[in-house]
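Commentary on secondary and tertiary structure
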Amino acid sequence: MTDAKELAALYSPKEMKSLKAERQLCVVRFSPCGKYLAAGGYDGLVRRWNAAGAEFAELPPLVGHRGWVSGLAFHTESSRLYTADSWGRLRAWNYADAAPAPLWDAAGAHDGWIHGLAASPDGKLLATCGMDQMVRIWDAATGQKLHELAGHALNVLCLAFHPDGKSLVSGDLAGVVKQWDATTGAHVRDLDAKELYLASRLQDVGGVRTMAFDAEGRMLACGGARPKIGGNVQGTPLVIMFDWANGAVSRKLELGQDSDVYVSDFHFDPHGFIVAATSGNPGVGKLLMQRPQDKEPFFSIAKPNLHSLCRHPNGRRLAVTGTNPNSNGNGRIKSPDGKEEYPGNWSPIYVFDLPAPAEDA
């Protein structure tokens, strides 16, 4: 069996560059063709970069959202990008256009914040979820609502399609995971991830923050925290893995200490490990790589409050969004004239390259 040192030599990424967005970013994703990088954030813009070369030239942003852009999903084949915001708006764009205009616009897709957005593997369906406790399925070509899925009792924070496209899963603040039939919208079963939830200091803390299937669809993993206290939240980053066939918990993966708090985003790497981003408080965050069977990561690097990560289609590049160093939540600073100011946070996007596979070297 490959040990930690061998894994680190084979797969540890090297930080190549960082991009800068003038305001905090919520989500970042590569296009399926690998030529574009898109990111959405607090200023209502969807920023784009030409990612085909080494320099990542920034392109004109997509304009029109008025709330925080919290969801991005690319069509699997066409040049369509779907975006969602904190005011409940859902839009479709041709992301390769020089000056894109919305192809369709669902201004009231949800009553309030859309927390999650996903495209089906065949590109025909979209799924959204939000603070209105609803999950909805849409026709990706037209924006027509097809199904409205009720049953969650608290905010629905994330969702994912099964690789076969037949099932949709959604996870909420209480740690309840629901499986739905993606074609009919029928409820199939619930999975229990309530270890990711805590009622503390009159707060609902934690929840299923992110979820992903492995490539074969045999395992569903749900990420968040095992919260210990509310207020200034403390808790251990935790991924709960379910056997998809029987719904039983097969493994629990701790990815840090109490101060590291949330698994904010992750994906399964085809080489058998998880790539994850964590975000703690204040200013604590890590990018790490760890096999499910191991107790420690074979790669870890500290970066402030990492919120989103994505993998390039070629498998050799990662982009990770964080918060500017020394922010501590818009910390007070003194300007040259001695006045105190509260500057807005901004986001670096860290770009990492992984070593070429041994068979390609």
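Summarised in this report is the structure supplied together with it.

Thresholds, definitions, all that
Residues numbered from 1 in each chain as written. Predicted model: local features only at pLDDT ≥ 70, side-chain atom pairs only at ≥ 80, totals over all residues. Heavy atoms only, no water. Salt bridge = Lys/Arg side-chain N within 4 Å of Asp/Glu carboxyl O. Helix = DSSP H or I, 4+ residues; strand = E, 2+ residues; numbered from the N terminus. Pairing = 2+ DSSP bridges. Axes fitted to C-alpha atoms, helices over the stretch in contact; angles between N-to-C directions. Disulfide = S-S within 2.5 Å. Buried < 20%, exposed > 50% of the residue type's maximum accessible area, 1.4 Å probe, protein only. Phe/Tyr/Trp six-rings, centres within 6.5 Å; stacked < 30°, edge-to-face > 60°. Lys NZ or Arg CZ within 6 Å of the ring centre and 35° of its normal.

**Some points on the pattern of salt bridges**
The tally for this structure, following the rule as stated, stands at 18 salt bridges. One salt bridge in this structure joins Asp105 and Arg91, with 3.0 Å as the shortest N-O distance. Residue Asp105 is found in strand S9 (residues 104-106), and its partner Arg91 is found in strand S8 (residues 90-94); the two are separated by 14 residues along the sequence. What you see here is one network of salt bridges that share partners, running through Asp132, Arg136, Lys145 and Glu148.

**Concerning the sheet that holds strand S16 (residues 176-181)**
Taken in spatial order, the four strands of this open sheet run S14-S15-S16-S17, and their pairing is antiparallel. The open sheet has two edge strands with one neighbour each: strand S14 (156-161) and strand S17 (187-192). Adjacent strand axes in the sheet meet at a mean angle of 20°, parallel and antiparallel pairs treated alike. Inspection of the sheet shows S14 paired to strand S15 (residues 167-172) by five bridges, in the antiparallel sense. Residue pairing in the sheet places Cys158 in a bridge with Gly171 of S15.

**Looking at the state of the cysteines**
Within this structure, the stated rule accounts for zero disulfides. The thiol of Cys26 is not disulfide-bonded; the next cysteine sulfur, from Cys129, is found 14 Å away. As a non-bridged cysteine, Cys310 has Cys33 as the owner of its nearest cysteine sulfur, 13 Å distant.

**Examining the pairing of strand S25 (residues 274-279)**
Burial within S25 is extensive, with six of its six residues counted as buried. What you see with S25 is no split at all: Ile274, Ala276 and Thr278 on one side and Val275, Ala277 and Ser279 on the other are buried throughout. Pairing between strand S24 (residues 262-268) and S25: six bridges, direction antiparallel. Within the sheet, the bridge partner assigned to Phe268 lies in S25 and is Ile274. Connecting the antiparallel pair S24 and S25 is a turn made up of five residues, with Gly272 showing a positive phi of about 100°. Relative to strand S26 (residues 285-290), S25 runs antiparallel, the two being bridged by six bridges. By the bridge assignment for S26, Thr278 is matched with Lys286.

**Things to note about the sheet that holds strand S13 (residues 145-149)**
Reading across from one edge, S10-S11-S12-S13 is the order of the four strands in this open sheet, with antiparallel pairing throughout. The sheet is open, and its two borders are formed by strand S10 (114-119) and S13, each paired with just one other strand. For this sheet the average axis-to-axis angle between neighbouring strands, irrespective of direction, equals 20°. Sheet topology note: the S10/strand S11 (residues 125-130) ladder contains five bridges and is antiparallel.

**A word on the packing of aromatic side chains**
We describe a pair of aromatic rings using the distance from one ring centre to the other and the angle between the two ring planes. All chains considered together, the criterion is met by nine aromatic pairs. Centroid distance Tyr11 to Phe273: 5.2 Å. Interplanar angle 50°. Geometry classified as tilted. Residue Tyr11 is found in helix H1 (residues 4-11), and its partner Phe273 is found in the loop between S24 and S25; the two are separated by 262 residues along the sequence. Residue Tyr11 shares its accessibility class with Phe273, and that shared class is buried. Residues Phe266 and Phe268 carry aromatic rings whose centres are separated by 6.2 Å and whose planes lie at 70° to one another, so their mutual orientation is edge-to-face. We note that Phe266, like Phe268, is buried. Through successive ring pairs, a cluster of aromatic residues spans Tyr11, Phe273 and Phe298. Positioned above the aromatic ring of Trp244, the side-chain terminus of Arg189 is 4.6 Å from the ring centre. Positioned above the aromatic ring of Tyr262, the side-chain terminus of Arg209 is 4.3 Å from the ring centre.

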